[in-house]
Amino acid sequence: VESADCGPRHMLIPSGAAASVAILAPKVGQLTLGHFFFSVGIMLWPIVMAVTFAVFIFIGKRQLPVVFFPTLFVFIAPPALLCTAWFSLGNYGGFLGRILYYSSLFFFLLNIRLGKFVYRTYVNGFNATWFSWCFPLAVFSVAGFDFTNDDGVTLVSPAITYIIMGISNVVIVTVYAHFLVALFRRKVFVPLVLTLAPPKPQETKENK
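J.: Before we go on, may I ask you to explain the overall build of the protein in this structure?
T.: When helices and strands are tallied, the protein shows 8 helices and 0 strands. Counting from the amino terminus, the protein carries its helices and strands in the arrangement α-α-α-α-α-α-α-α. Expressed as a percentage of the 208 residues in the protein, the buried residues total 41%. Restricting to contacts in the protein with at least 6 residues of sequence separation, those with at least 24 account for 82%. When the accessible surface of the protein is totalled, it reaches about 11700 Å², and 70% of it is carbon and sulfur.

J.: Quick question: what am I supposed to make of the nonpolar core here?
T.: Across soluble globular proteins, you tend to see nonpolar side chains buried next to one another. Ranked by internal contacts, the top residues of the largest apolar core, which has 40 residues, are F38, L100, Y101, F140 and V175. Put simply, the parts of the chain that give this core at least two residues each are helix 1 (8-24), helix 2 (31-59), helix 3 (77-88), helix 4 (94-113), helix 6 (134-151) and helix 7 (158-184). With 7 residues, helix 3 is the single largest residue contributor to this core. Excluding residues that lie within four positions of it along the chain, F38 makes contacts with A22, L82, A85, W86, L89, L96 and L100.

J.: Explanation requested: the environment of K187 in the structure shown.
T.: Tracing the sequence through the fold places K187 in the loop between helix 7 and helix 8 (201-207). A relative accessible area of 48% means that K187 is categorised as partly exposed. Linking K187 and F126, residues 61 residues apart in sequence, is a C-alpha distance of 8.3 Å.

J.: Help me out: how do you make sense of a nonpolar patch on the surface in this one?
T.: Residues V21, L33 and F36 make up a contiguous nonpolar surface patch of about 250 Å² in total accessible area. For F36, the location among the structural elements is in helix 2.

J.: Explanation requested: the packing of aromatic side chains in the structure shown.
T.: Working definition: an aromatic ring pair is given by the centre-to-centre distance plus the angle between the planes. On inspection of all chains with the given rule, the structure shows 12 aromatic pairs. Ring geometry for Y101 versus F140: centroids 5.4 Å apart, planes at 20 degrees, classification stacked. Linking Y101 in helix 4 with F140 in helix 6, this pair joins segments that are 39 residues apart in sequence. With relative accessibility at 1%, the residue F140 sits in the buried group. Seen in terms of ring centroids, F145 and Y162 are 5.2 Å apart; in terms of plane orientation they differ by 80 degrees. Their pairing is edge-to-face. Note that F145 is positioned in helix 6 and Y162 in helix 7, a separation of 17 residues in sequence. Taking relative accessible area as the criterion, F145 reaches 22% and is therefore assigned partly exposed. Cluster of aromatic residues (ring-pair linked, three or more members): Y101, Y102, F108 and F140.

Rules of the game
Residues numbered from 1 in each chain as written. Predicted model: local features only at pLDDT ≥ 70, side-chain atom pairs only at ≥ 80, totals over all residues. Heavy atoms only, no water. Helix = DSSP H or I, 4+ residues; strand = E, 2+ residues; numbered from the N terminus. Buried < 20%, exposed > 50% of the residue type's maximum accessible area, 1.4 Å probe, protein only. Contact = heavy atoms within 4.5 Å. Areas by Shrake-Rupley, 256 points an atom, 1.4 Å probe, with all protein chains shown as cover. Core = buried A, V, L, I, M, F, W, Y, C linked by side-chain atoms within 4.5 Å. Patch = residues over 30% accessible without salt bridge, like charges linked within 9 Å, V, L, I, M, F, W, Y side chains within 5 Å. Salt bridge = Lys/Arg side-chain N within 4 Å of Asp/Glu carboxyl O. Phe/Tyr/Trp six-rings, centres within 6.5 Å; stacked < 30°, edge-to-face > 60°.

Okay, structure coming up:
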């Protein structure tokens with residue numbers, strides 16, 4: 001399995017699409033259909049996530065170019081969508097709701113930890129991968145409000161939820177502002193410079 005065959009975007013397609021149907025199904029009176037697609041989404045999410053982690057961490061070391069690091073935010077979306085679907089189906093937080101939301105929170109904090117690569121991507125100028133920041137952060141904000149309203153003030157207080165929503169709004173406005181500037185300058189559809197992340201210091205010494 002190569003990194004080209006499995007990437008973060010593949011996580012959103014099967015599990016995210018199924019969770020989206022599960023969110024909308026109860027609104028049109030199809031609760032059973034919602035449970036079906038929720039089951040599909042929650043079954044596919046850990047499988048695809050495990051394969052993706054195996055490719056990028058254990059098999060394909062340093063194969064993800066820096067310009068594609070924003071796509072790592074896609075890891076936030078599937079558990080956040082499933083969390084929102086869980087509440088849309090009429091359930092309370094409970095154990096499963098906590099697992100789904102805290103999984104999204106973990107991936108959010110993990111991406112914050114990789115902030116230096118996000119900054120490098122931002123400094124290099126706008127490219128289409130920036131849109132990978134928008135949808136996961138927006139969905140994570142919605143899941144946070146659902147979780148906070150049900151669970152009260154626990155590990156995730158309403159203040160933290162509002163902070164995440166603020167970050168989401170700032171990121172979305174920034175991305176679309178840069179997109180419009182790049183569009184007017186005709187720099188949207190340009191070839192990407194695929195530079196890999198620098199090796200670790202230990203690897204550098206060994207190579208010398």
